[in-house]
Amino acid sequence: MHDFDLVQLRDELSERGILMIFSGPFSHSIIEELGEAVRNYLESAQVNRPAMMDVFAVYIEQAQNVRNYMRRWEGSADPRGVRIMQSGIVVIARDGGHYVISSGNLIAQADVPVLVARLEEIRALDKPGLKALHKERLRVPLSDGGNAGLGLIEMARKASKPLQYALTTVDEYVFFTLRIVI
């Protein structure tokens, strides 16, 4: 194991405005505990209630999205599953007058086209368009594979800027990063 300076790491995180970061396998209990820590931090920082609720809701949605993707690989004989299940990260940061909630995880290359199409559809819409899409998707029956993208739409509705995402090739995977500005 490499030695590293925790004071230096803490200072670097602080310089970048990072309030909370978690990296590793996500579970329901971890999401819940971190959510409580986020809520407590925002309350103690006296963040206005609507912003606090938006930051909390987006954190929960992003963490659950990472967890749900990772769960698809649980119990898989595919060796990629272990690496994917350990790849999750979520970060909450302060950037000027905004909160930025980012998440990331490895995904299979085969999942990229559908994800990008869904993200680009959402990014192309203004607030009234997002509201209309949300209503439309509420009428779509849920399937085993998901919830018609309602979480992404909800995050876009709460965001002050369009959803931002990045795809980075890592070996035979793609690391998907999603950034929401509140």
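Figured I'd write up the structure that's included with this text.

So, how was this worked out
- Residues numbered from 1 in each chain as written.
- Predicted model: local features only at pLDDT ≥ 70, side-chain atom pairs only at ≥ 80, totals over all residues.
- Heavy atoms only, no water.
- Axes fitted to C-alpha atoms, helices over the stretch in contact; angles between N-to-C directions.
- Helix = DSSP H or I, 4+ residues; strand = E, 2+ residues; numbered from the N terminus.
- Parallel < 35°, antiparallel > 145°, perpendicular 65-115°, else oblique.
- Left-handed = near helix turned anticlockwise from the far one by under 90°.
- Contact = heavy atoms within 4.5 Å.
- Buried < 20%, exposed > 50% of the residue type's maximum accessible area, 1.4 Å probe, protein only.
- Pairing = 2+ DSSP bridges.

1. Describing the packing of helix H6 (residues 127–138) against helix H7 (residues 150–158)
Helix-helix packing is characterised by the crossing angle of the two axes and by the distance between the axes.
So, step 1. Following both chains from N to C, one finds H6 and H7 inclined at 155 degrees, their axes separated by 10 Å at the closest point. Considered as vectors, H6 and H7 are oriented roughly antiparallel to each other. Our pair here, H6 against H7, has a crossing hand that is left-handed. For the pair H6 and H7, the contacting residues are Lys127, Leu130, Lys131, Leu133, His134, Arg137 and Leu138 in the first and Leu150, Ile153, Glu154, Ala156, Arg157 and Lys158 in the second.

2. Examining the pairing of strand E3 (residues 98–108)
So, step 1. Judged by how many residues are buried, E3 sits mostly within the fold: 10 of 11 residues are covered.
So, step 2. Bridging between strand E2 (residues 89–95) and E3 involves 7 bridges; their strand directions are antiparallel. In the strand pairing of E3, Ile89 is matched with Gly104.
So, step 3. Remark: 2 residues form the turn of the hairpin made by E2 and E3, two consecutive strands paired antiparallel; Gly96 in that turn has positive phi of roughly 65 degrees.
So, step 4. Both E3 and strand E5 (residues 173–181) contribute to a ladder of 9 bridges, which runs antiparallel. Across the sheet, Ile101 pairs through a bridge with Ile180, a residue of E5.

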